[in-house]
There are 2 protein chains.
Amino acid sequence: MSTKERIVEEALTLFSSRGYQGTSVKNIADAVGIKDSSLYKHFKSKKEIFETIVEEMARRMEAMSHTFGLPDDTTVEAAAFAYGVISVEELVELSRKVFLFYLQDPFAGRFRRMLTIEQYRDREIAAVYRKIYMEDSIRYQTVLFEEMIRQGVFREADARAMAINFYAPIFFLLNKYDSPECSVEDGLEELERQVREFARIYHK
Amino acid sequence: MSTKERIVEEALTLFSSRGYQGTSVKNIADAVGIKDSSLYKHFKSKKEIFETIVEEMARRMEAMSHTFGLPDDTTVEAAAFAYGVISVEELVELSRKVFLFYLQDPFAGRFRRMLTIEQYRDREIAAVYRKIYMEDSIRYQTVLFEEMIRQGVFREADARAMAINFYAPIFFLLNKYDSPECSVEDGLEELERQVREFARIYHK
DNA sequence: GTCTATAATTTGATAGAC
DNA sequence: GTCTATCAAATTATAGAC
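Residues numbered from 1 in each chain as written. Chains lettered and ligands numbered in written order. Predicted model: local features only at pLDDT ≥ 70, side-chain atom pairs only at ≥ 80, totals over all residues.

Visitor: In this structure, what is going on with the domain arrangement of chain A? I would like to understand it.
Guide: Quoted interface sizes are often the accessible area lost when the parts come together. Residues and elements named next belong to chain A. What the domain assignment lists for chain A is domain 1 (1-53) and domain 2 (69-202). Of note, the centres of domain 1 and domain 2, computed from C-alpha atoms alone, are 31 Å apart. Contacts between domain 1 and domain 2 engage 6 residues on the former and 6 residues on the latter. Its residues assigned to classes, the side of domain 1 that touches domain 2 shows 3 nonpolar, 3 polar and no charged. (Domains from an automatic or database assignment. Contact = placed C-beta atoms within 7 Å. Nonpolar A, V, L, I, M, F, W, Y, C, P; charged D, E, K, R; others polar.)

Visitor: When you look at the relation of the copies chain B and chain A in this model, what are you seeing that I'm missing?
Guide: Its rotation angle being 180°, the transformation that places chain B on chain A also includes 0.0 Å of axial translation and leaves an RMSD of 0.0 Å. Taken together, the rotation angle and the small translation identify this as a two-fold axis. By C-alpha distance to the rotation axis, the residue of chain B lying nearest is B:Ile117, at 2.2 Å. In this assembly, 100% of the residues forming the interface of chain B have copies in chain A that are likewise at the interface, indicating an isologous arrangement. (Least-squares fit on C-alpha atoms with pLDDT ≥ 70 in both.)

Visitor: Would you mind going over the interface of chain B and chain A with me for this structure?
Guide: Taken together, the contact pairs 30 residues of chain B with 30 residues of chain A. Sort the elements by how many residues they give to the side of chain B that touches chain A and helix H9 (residues 159-176) of chain B lands first, with 8 residues. Looking at side-chain class alone, the side of chain B that touches chain A contains 11 nonpolar, 9 polar and 10 charged residues. (Helix = DSSP H or I, 4+ residues; strand = E, 2+ residues; numbered from the N terminus.)

Visitor: Looking at this structure, how should I read the UniProt feature "domain: HTH tetR-type" (unreviewed entry) in chain A?
Guide: According to UniProt, the "domain: HTH tetR-type" (unreviewed entry) feature falls on residues 1-61 of chain A. The span residues 1-61 of chain A is 72% helical and 0% strand by assignment, and the distance between its end C-alpha atoms comes to 20 Å. (UniProt positions renumbered as here; feature names shortened; annotations may be inferred.)

Visitor: Explain the protein's contact with DNA strand D to me, please; I cannot follow it from the model alone.
Guide: Contacts to DNA strand D come from 15 residues, most closely from A:Ser24, A:Ser37, B:Ile34, B:Lys35 and B:Ser37. Its residues placed into classes, the surface near DNA strand D shows 3 nonpolar, 6 polar and 6 charged. (Near = placed C-beta within 6 Å.)

Visitor: Teacher, can you tell me more about the UniProt feature "DNA-binding region" (unreviewed entry) in chain A here?
Guide: In this numbering, the UniProt entry assigns the feature "DNA-binding region" (unreviewed entry) to residues 24-43 of chain A. Along residues 24-43 of chain A one finds 60% helix and 0% strand; the C-alpha atoms at either end are 14 Å apart.

Visitor: What's the story with helix H6 (residues 88-104) of chain B in this structure? I'm lost.
Guide: An α-helix turns once per 3.6 residues; consequently, residues spaced three or four apart project the same way. Residues and elements named next belong to chain B. Over its 17 residues, H6 runs 24 Å from end to end, which matches the ideal 24 Å to within 8%, given 1.5 Å per residue. Within H6, burial applies to Leu91, Leu94, Ser95, Val98, Phe99 and Leu103. Take H6 and look down its axis: the buried residues cluster within an arc of 150°, on one side only. Exposed residues lying more than 90 degrees from the buried face of H6 are Glu89, Glu90 and Gln104. (Expected span 1.5 Å × (residues − 1). Buried ≥ 20, exposed ≤ 12 C-beta atoms within 10 Å, placed from the backbone. Arc of directions from axis to C-beta.)

Okay, here's the thing in structure tokens:
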């Protein structure tokens, strides 16, 4: 891993626990093992490190979408169709994947925490936060459930309300089990209970 | 309002948008309209201002519980019994109250934002955050729904899963409509849709 | 691409006049 | 309880040697 990559790595760790303003350039340099002045050979400012992290996340989100089979904006209809034949067990598995990705993926977990911290100081950051964890998630799952209702997997219902009823508990448990104090296993167990209750309600 | 109260007031506004570390003592003093050195006649340190805010919130939460008829730890069973006769309309009204309190109450809204920002840097803060917005909320509503099932208002179901299905969308929409960019009316509308879907599912 | 040295500013906090 | 003056430390960032 190059020094530049290590800077991004350590900066994300620090930003995601102590916040942008709570992290000094020296903190980052110390974590990397170089002097703070050396850091300026890789980035022209502290702000540029932050912006690089946001860009890097956008790149990784796209890559992950492909790996997980989660669709990006352009293929959402196609994916909804593919997921149309999903079973309850597959729905449990999907929820586990989303949950563990946002909670534990070495980059995604810290990135989510960083945005959570920084959302109130900058409108642009707030917009990115809402887009990723609210609007995109709900929009995707609404299309998914619309298609699944059409295919007769789920009962007739308000697809958007369904999407929120599916995703809001994931979001809630994500925030609840975010602390190192909480066991991920407990989170997964509570999540599975919730998804099974969801399936019990809506599944035909 | 005394100078001490105005310091707490302005500090909370700044902490809740820029974070504790992102706010300097001078920022607070400027907002109050005094010199930073004068501030030390009221508080011995910046940290003491933060701690005063947390204590003040605990006091206000208790006061609000009485105003709203929301129970504290000791009276939860009694309140569940009182709410036992609730109607769907009353459930909509309860959700609106909780939503607007956490979002718009001049103290509670900023306090929630502050804890959201600061939760990752301090385990004690994280515990307070989880207690207020997760554990206490879910525990209270679980008892509430248990009682309502017992009284035949709701169908037989897992009361804890119900509580999460009721509260998680409130929590999700709270975070979504937290930005000044979003209209509170849209949030309330989406909330009501969600509560009506909840009632449709569980109400007898 | 790392280091030392340094600049300019800001930080949290104190002392003491009024 | 406000102010001015001051402090030591930390902050972001640059210059220049190697």
